[in-house]
Amino acid sequence: MGGVPSTPKFSGGGRPHETAEYLIGAFIGEKSFPLSSDYWQKLLELPLNLHWSSNRVHQACIIFAQNNCYTRHLGKILIHLSWCLQECVSTSDASSSAYVKALNAVYVSSVFLKHLIENAKTDNFEDLYLSLNESEEIPSNVPKEQSIEHLVVNSVLNFLGRVDVSSDTHLLHYELLNFMLVALSTQLLSGPSLGADDIHPFFDAAMSQPTSLVNLAIRKLLLNYITRPRFPLKASSYYIFSEGYQPGVLQRVGSVAANLVLLPLNLFASSSNEASRSPLADNSLNILLILVHYRKCLGMDHSKDKIDYSSPDYLPKEESFFENPYCKALENARDIEFDRVDVEGNAHGGSVVRLPFASLFDTLGMCLADETSVLVLYSLVHGNSDFLEYVLVRTDLDTLLMPLLETLYNAPRRTSNQIYMVLIILLILSQDSSFNASIHKLVLPSIPWYQERVLHQTSLGSLMVIVLTRTVKYNLSKLRDVYLHTNCLATLANMAPHVHRLSGYASQRLVSLFDMLARKYNKLAETKNDKMHVPNGEPKEVNSLQEDTAAELHIYTDFLRIVLEILNAILTYSLPRNPEVVYAIMHRQEVFQPFKSHPRFNELLDNIFMVLDFFNSRMDAQKMDGEWSVEKVLQVIIVNCRSWRVDGLKMFTQLRFTYEQESHPEEFFIPYVWQLVLSRSGLNFSPSSINLFPVDLPLQGYVDEEAEKPQKGDMKGNELKIEVPV
């Protein structure tokens with residue numbers, strides 16, 4: 001079949017490439033080799049330097065898929081991989097034969113496992129045949145009560161967690177992460193919401209590992225991300241199934257074959273110009289995100305005939321979800337520098353992941369241009385209260401905020417999901433009053449990436465206001481996404497009571513924000529009025545359009561009210577410290593006049609016009625020689641701020657927006673994580689096999705090119721809830 005012999009003939013005195021040809025041919029062939037056969041030692045100890053064409057590899061995968069149901073060679077090589085890894089953990093000699101065998105085992109198993117997953121015919125992946133035949137004699141060192149997938153996942157995580165990354169072990173670490181990527185790719189074939197009966201063998205195995213091993217794995221994955229180890233891959237020694245003399249397992253095989261880039265030194269060198277790029281760190285982050293965001297519903301009781309509704313003990317059933325141990329480990333991670341004591345005075349024991357938060361903070365700051373790092377930061381500040389608290393007490397918040405704000409500034413070149421994640425992170429941070437106060441104390445000497453104007457000696461808080469209002473303006477003209485407006489305004493509202501010495505430019509942008517939204521509101525109001533004069537009997541489409549316009553008008557009414565509440569909060573709680581805000585309102589006071597009698601805005605505008613009346617009267621009382629200048633007006637405002645009294649203003653309850661994850665976050669996160677993984681890892685999965693999200697473009701670069709298209713699992717309306725106290 002093709003160029004691969006299905007019944008290879010072995011000649012012990014043959015040349016090395018003939019021996020390798022036989023061994024791979026035997027692996028995919030019809031003959032089943034017992035676990036105890038010396039064939040496996042020969043396969044795993046021999047340098048496999050075959051140079052096969054794409055078509056030949058594809059044919060080999062097809063033959064293997066046909067025969068594996070009888071030979072069970074996939075399960076057997078995974079058992080041998082597990083044994084090799086156990087030996088690697090127990091020995092300190094990285095040059096031992098166990099490392100060579102483990103490398104060969106992980107190469108071969110990854111190639112054929114990926115093909116089987118891509119072409120799986122059953123929902124429960126029975127056609128992987130991850131079990132031994134009943135007639136097979138099971139060695140004593142294979143636990144009978146443990147599945148093969150559980151055994152191999154346990155061994156992989158144990159090796160990753162316990163063996164240090166060095167120049168000798170780096171390659172095996174990297175290939176094991178790639179193996180995990182392949183093994184967990186079964187998720188690509190199903191929807192994001194898993195039910196109790198859904199089976200993903202390697203996920204199920206990973207989720208059933210002991211807590212100590214889960215903690216060890218999470219810690220090591222994050223340490224790989226922090227330390228970003230970079231070693232030269234000894235690619236010249238490994239030519240498994242590659243064409244010509246290009247290093248890398250299946251590097252040149254198309255997506256129709258098992259195209260797993262297992263030695264992607266050239267790939268990473270060409271796909272990124274970042275000097276700090278570390279393939280090992282990148283893949284560690286990929287596996288971390290896949291494991292942490294896994295979610296499985298255990299179901300609920302729908303059998304009404306078995307429920308006694310009259311019973312006082314009856315409670316409505318809700319969906320219950322499997323507790324993800326990796327998510328729990330990340331959420332409970334603690335700073336290695338401190339032994340936290342709980343409210344009862346009991347120190348946390350060794351059952352939690354301990355990480356160097358300072359190093360993690362710095363690494364995130366360096367890497368937030370990358371979408372996966374933004375997602376990790378979100379996972380930490382949303383789920384881990386200790387890390388959030390650590391971030392909030394740092395005095396160098398610009399380390400994280402500057403790259404996040406730069407991402408918003410470059411929104412046209414970013415994906416919509418990345419923008420949402422950044423805005424959610426800012427919203428979570430803005431829920432803390434100390435954060436809102438401290439960002440105005442940190443002064444930035446310059447902002448080199450801000451091109452519209454030169455910003456010197458601008459506070460971090462002022463920059464946030466500038467960038468958030470700019471994001472609303474961009475969204476208003478390009479994306480027109482109500483959800484994005486809501487997030488920006490929510491963060492600004494949380495910041496408002498704590499604004500301190502807001503810059504002149506930031507103050508102008510804040511007032512201009514009201515003007516922008518007001519113009520949009522007026523346009524919608526005119527459209528609604530025009531449609532109200534349409535004769536009766538118009539088709540349903542016209543009525544539907546009228547309803548849509550009315551709904552949009554209501555939304556923008558709320559937006560305008562939020563901006564007015566933001567301005568009110570600044571004037572009510574910190575007017576003397578913000579003369580530039582007073583100046584900006586005075587300079588553009590005409591934009592507020594048309595809304596003075598609006599029933600939704602009149603009380604809020606009463607306060608603003610009271611401030612305007614106070615400072616306008618002080619201006620009129622000044623005898624000026626010549627024309628007013630900006631400096632002179634500001635000086636009058638600063639002087640009269642001292643005599644300003646807030647007593648006459650009507651006090652409103654402070655708006656406080658909070659972020660709350662929806663009940664089914666997996667509908668957004670699981671597709672999003674896999675889109676990121678596929679676009680960055682080099683795993684070229686067959687698009688026709690993917691059911692997790694719509695695919696109509698090649699996956700390389702898929703996320704970037706699809707930035708503006710609505711996708712399955714989109715954040716909008718699916719993942720967020722912002723609550724405002726009444």
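Within each chain, residue numbers correspond to sequence positions counted from 1 in written order. It should be noted that, the model being predicted, local features are given only for residues of pLDDT at least 70 and side-chain atom pairs only at 80 or more, the latter also being counted only at that level, while totals for whole chains, interfaces and linings use all residues. Calculated side-chain values reflect all of the structure's heavy atoms, with hydrogen atoms and water omitted.

Attention now goes to the overall build of the protein. Check the secondary structure of the protein and you find 27 helices and eight strands. Each residue is placed in one exposure class: buried if its accessible area under a 1.4 Å probe, protein chains only, is under 20% of its type's maximum, exposed if it is over 50%, and partly exposed if it falls in between. Across the 726 residues of the protein, 56% fall into the buried class. Summarising the internal contacts of the protein: among those between residues at least 6 apart in sequence, 76% fall at separations of at least 24. Helix and strand definitions here come from DSSP, where helices need a minimum of 4 consecutive H or I residues and strands a minimum of 2 consecutive E residues; each element is numbered from the N-terminal end. Contact between two residues is taken to exist if any of their heavy atoms lie within 4.5 Å; hydrogens are not considered.

This part takes up the packing of aromatic side chains. In summary, the pairing rule links any two rings of Phe, Tyr or Trp, Trp by its six-membered ring, whose centres are within 6.5 Å, and it sorts them by plane angle into stacked for under 30 degrees, edge-to-face for over 60 and tilted for everything else. In total, this model carries 30 aromatic pairs according to the counting rule given. Each ring, one from Tyr-521 and one from Phe-601, has its centre 6.4 Å from the other, and the planes form 65°; the classification is edge-to-face. Of the two residues, Tyr-521 sits in helix α21 (residues 504-532) while Phe-601 sits in the loop between α23 (579-587) and α24 (602-621), which places them 80 residues apart along the sequence. Residue Phe-601 is classed as buried on the basis of its relative accessible area, which comes to 0%. Here the aromatic rings of Phe-668 and Tyr-672 are separated by 5.1 Å at their centres, their planes lie at 35°, and the arrangement is tilted. With Phe-668 and Tyr-672 both in helix α26 (residues 666-680) and four residues apart, the pair spans about one turn of that helix. You can call Tyr-672 buried: its relative accessible area is 3%. Chaining the aromatic ring pairs together yields one cluster made of Phe-27, Phe-33, Tyr-39, Trp-40, Phe-64 and Phe-112. Here the basic side chain of Arg-453 rests over the ring of Tyr-505, its NZ or CZ set 4.3 Å away from the ring centre. Whether a charge sits over a ring depends on NZ of Lys or CZ of Arg being within 6 Å of the ring centre and within 35 degrees of the ring normal.

It is worth spelling out the nonpolar core at this point. In this description, a nonpolar core means a group of buried Ala, Val, Leu, Ile, Met, Phe, Trp, Tyr and Cys residues linked to one another through side-chain atoms lying within 4.5 Å. Counting residues in hydrophobic clusters, the biggest one holds 235 residues, and the most contacted among them are Phe-202, Phe-592 and Trp-674. For this core, the leading source of residues is helix α5 (residues 97-118), giving 13 residues. Leave out the neighbours within four places in its chain, and Phe-202 touches Leu-78, Leu-113, Leu-128, Leu-130, Glu-149, Val-152, Val-153, Phe-179, Ala-183 and Leu-184.

The phi dihedral of Arg-72 is positive, around 55°, even though this residue is not glycine. Within the secondary structure, Arg-72 is located in the loop between α3 (54-71) and α4 (73-90). Its relative accessible area of 12% is what places Arg-72 among the buried residues. With a phi angle near 50°, Arg-501 is a residue other than glycine that sits in the positive phi range. Mapped onto the elements of the fold, Arg-501 is located in the loop between α20 (482-495) and α21.

Take Lys-528: it is sitting in helix α21. The exposure class assigned to Lys-528 is partly exposed, which follows from its relative accessible area of 33%. The spatial distance from the C-alpha of Lys-528 to the C-alpha of Thr-549 is 6.3 Å, given a sequence separation of 21 residues. Residues within four places of Lys-528 in sequence aside, it is in contact with Thr-549, Ala-550 and Leu-553.

Every helix has an expected span of 1.5 Å times one less than the residues it contains. Relative to the 20 Å expected for 14 residues at 1.5 Å per residue, α20 spans 20 Å between its end C-alpha atoms, a close match to the ideal helical length. Burial runs high along α20: 12 of the 14 residues are buried. Between the side-chain oxygen at the start of α20 and the backbone nitrogen of Tyr-483 there is a gap of 2.9 Å, and the oxygen is on Asp-481. Each polar contact in these results corresponds to two N or O atoms within 3.5 Å; when the atoms are within protein, one needs to be able to donate a hydrogen and the other to accept it, and residues that are neighboring in sequence are counted only if both atoms are side-chain atoms.

We now examine the pattern of salt bridges. For salt bridges, the criterion is a side-chain nitrogen of Lys or Arg within 4 Å of an Asp or Glu carboxyl oxygen. Scanning all chains against the criterion turns up 20 salt bridges. In this structure, Asp-204 and Lys-296 form a salt bridge, with 3.7 Å as the shortest nitrogen-oxygen distance. Of this pair, Asp-204 sits in helix α8 (residues 201-207) while Lys-296 is found in the loop between α11 (279-292) and β1 (297-299), placing the two residues 92 residues apart along the sequence. For Asp-204, a relative accessible area of 28% translates into the label partly exposed.

Our focus in this paragraph is the state of the cysteines. Put simply, a disulfide is two cysteine sulfurs that come within 2.5 Å. Going through the model one piece at a time under the given rule, you end up with zero disulfides. Of the cysteine sulfurs around Cys-84, a residue in no disulfide, the closest is that of Cys-88, at 6.7 Å. Residue Cys-84 is classed as buried on the basis of its relative accessible area, which comes to 4%.

Bringing the confidence of the model for the protein into the picture now. Caution applies to low-pLDDT regions: their predicted coordinates should not be interpreted in detail. A residue's pLDDT is the predictor's confidence in that residue, given on a scale from 0 to 100. This prediction gives the protein a mean pLDDT of 82; 79% of its residues lie at or above 70. Between residues 301-307, whose pLDDT stays under 50, and residues either more than four places distant or in other chains, the model counts four contacts.

Here the focus is the packing of α3 against α4. Between N-to-C directions, angles cover 0 to 180 degrees, with each direction set by a line fitted to C-alpha atoms, over the stretch in contact for helices. Relative to each other, α3 and α4 sit at 75°, their axes nearing to 7 Å. With respect to α4, the axis of α3 lies roughly perpendicular. In this structure, α3 uses Phe-64, Asn-68 and Thr-71 to contact α4, whose residues at the interface are His-73, Leu-74 and Lys-76. Residue polarity is assigned by list, with Asp, Glu, Lys and Arg as charged and Ala, Val, Leu, Ile, Met, Phe, Trp, Tyr, Cys and Pro as nonpolar; anything else, Gly included, falls into the polar class. Of the residues that constitute the contact of α3 with α4, the class distribution is two nonpolar, three polar and one charged. Here is the rule for angles: anything less than 35 degrees is roughly parallel, anything more than 145 is roughly antiparallel, 65 through 115 is roughly perpendicular, and the remaining ranges are oblique.

Position of Asn-607 among the secondary structure elements: in helix α24. Not counting chain neighbours up to four residues away, the residues in contact with Asn-607 comprise Asn-568, Leu-649, Lys-650 and Phe-652.

Turning next to the environment of Leu-571. Its location among the elements puts Leu-571 in helix α22 (residues 540-574). In this structure Leu-571 comes out as buried when scored by relative accessible area, which is 3%. It is 8.3 Å that separates the C-alpha atoms of Leu-571 and Val-581, two residues lying 10 residues apart in sequence. In this view, Leu-571 contacts Val-582, Ile-585, Ile-608, Val-611, Trp-644 and Leu-649; residues no more than four positions away in its chain are not counted.

Two numbers describe how helix α9 (residues 211-227) lies on helix α13 (residues 357-367): the axes approach to 9 Å, and their chain directions differ by 60°. For the element pair α9 / α13, the angle class is oblique. Judged by the sense of rotation from one axis to the other, the crossing of α9 with α13 is left-handed. Between α9, through Leu-222, Tyr-225 and Ile-226, and α13, the contact on the second element is made entirely by Ser-359, Leu-360, Thr-363, Leu-364 and Cys-367. Residues that form the contact of α9 with α13 fall into these classes: six nonpolar, two polar and no charged. Each crossing gets its handedness from the near helix: less than a right angle anticlockwise from the far helix is left-handed, clockwise is right-handed.

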